[in-house]
Amino acid sequence: QVQLVESGGGLVQAGGSLRLSCAASGRTFSSYAMGWFRQAPGKEREFVVGIDWRGSNTRYADSAKGRFTISRDNAKNTVYLQMNSLKPEDTAVYYCAASAGTRYRTRSYEYDYWGQGTQVTVSS
């Protein structure tokens, strides 16, 4: 069982930055691949980025490439999402997710545990 708690969301102007954190409970965090998803009002949840269990391999959605960076600290049971050059279209609830497996995943059904989400709002 893994519990995930996101933090770091908020209101930021376009062009600004935010750093999201996802703290995981449990001693087996390092055996999970992790991912970030987001869901904007009226839209389906979409993949943002995934990272493997060691942090060696990552996969970004096209919308995130060059602007977002995922990282993880297994000693702290935490995964991070650094978001730069934010745009109004990045406005969404951002969710952290854990997948029982070592390789990163890109589909929501491949993830086993989800956080409650943190709101990110980017004003123009």
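Structure report, in brief.

Calculation criteria
- Residues numbered from 1 in each chain as written.
- Predicted model: local features only at pLDDT ≥ 70, side-chain atom pairs only at ≥ 80, totals over all residues.
- Heavy atoms only, no water.
- Buried < 20%, exposed > 50% of the residue type's maximum accessible area, 1.4 Å probe, protein only.
- Helix = DSSP H or I, 4+ residues; strand = E, 2+ residues; numbered from the N terminus.
- Pairing = 2+ DSSP bridges.
- Axes fitted to C-alpha atoms, helices over the stretch in contact; angles between N-to-C directions.

1. Re the pairing of strand β4 (residues 32–39)
Within β4, 7 of the 8 residues are buried, which leaves it mostly tucked inside the rest of the structure. Here 8 bridges tie β4 to strand β9 (residues 92–100), and the two strands are oriented antiparallel to one another. Bridge pairing in β9 places phenylalanine 37 opposite tyrosine 95. Relative to strand β5 (residues 46–51), β4 runs antiparallel, the two sharing 5 bridges. Of the residues in β5, the one forming a bridge with arginine 38 is glutamate 46. Connecting β4 to the antiparallel partner β5 that follows it, the hairpin turn spans 6 residues, and glycine 42 within it adopts a positive phi of roughly 80°.

2. Quick look at the sheet that holds strand β8 (residues 78–83)
Pairing in this open sheet of 4 strands is antiparallel, and the strands run β1-β3-β8-β7 from one edge to the other. With one partner strand each, in any of the chains shown, β1 (4–7) and β7 (68–73) form the two edges of the open sheet. Each neighbouring strand pair of the sheet contributes to a mean axis angle of 15°, computed without reference to strand direction. Of the pairings in the sheet, the one linking β7 to β8 comprises 6 bridges and is antiparallel in character. Paired with phenylalanine 68 across the strands is methionine 83, a residue of β8.

3. Re the pairing of β1
Where burial is concerned, the two faces of β1 differ: the one with Leu4 and Glu6 is buried and the one with Val5 and Ser7 is not. The sheet contact formed by β1 and strand β3 (residues 18–24) spans 4 bridges and is antiparallel. Residue pairing in the sheet places valine 5 in a bridge with alanine 23 of β3.

On their own, these measurements won't tell you what the molecule is for.
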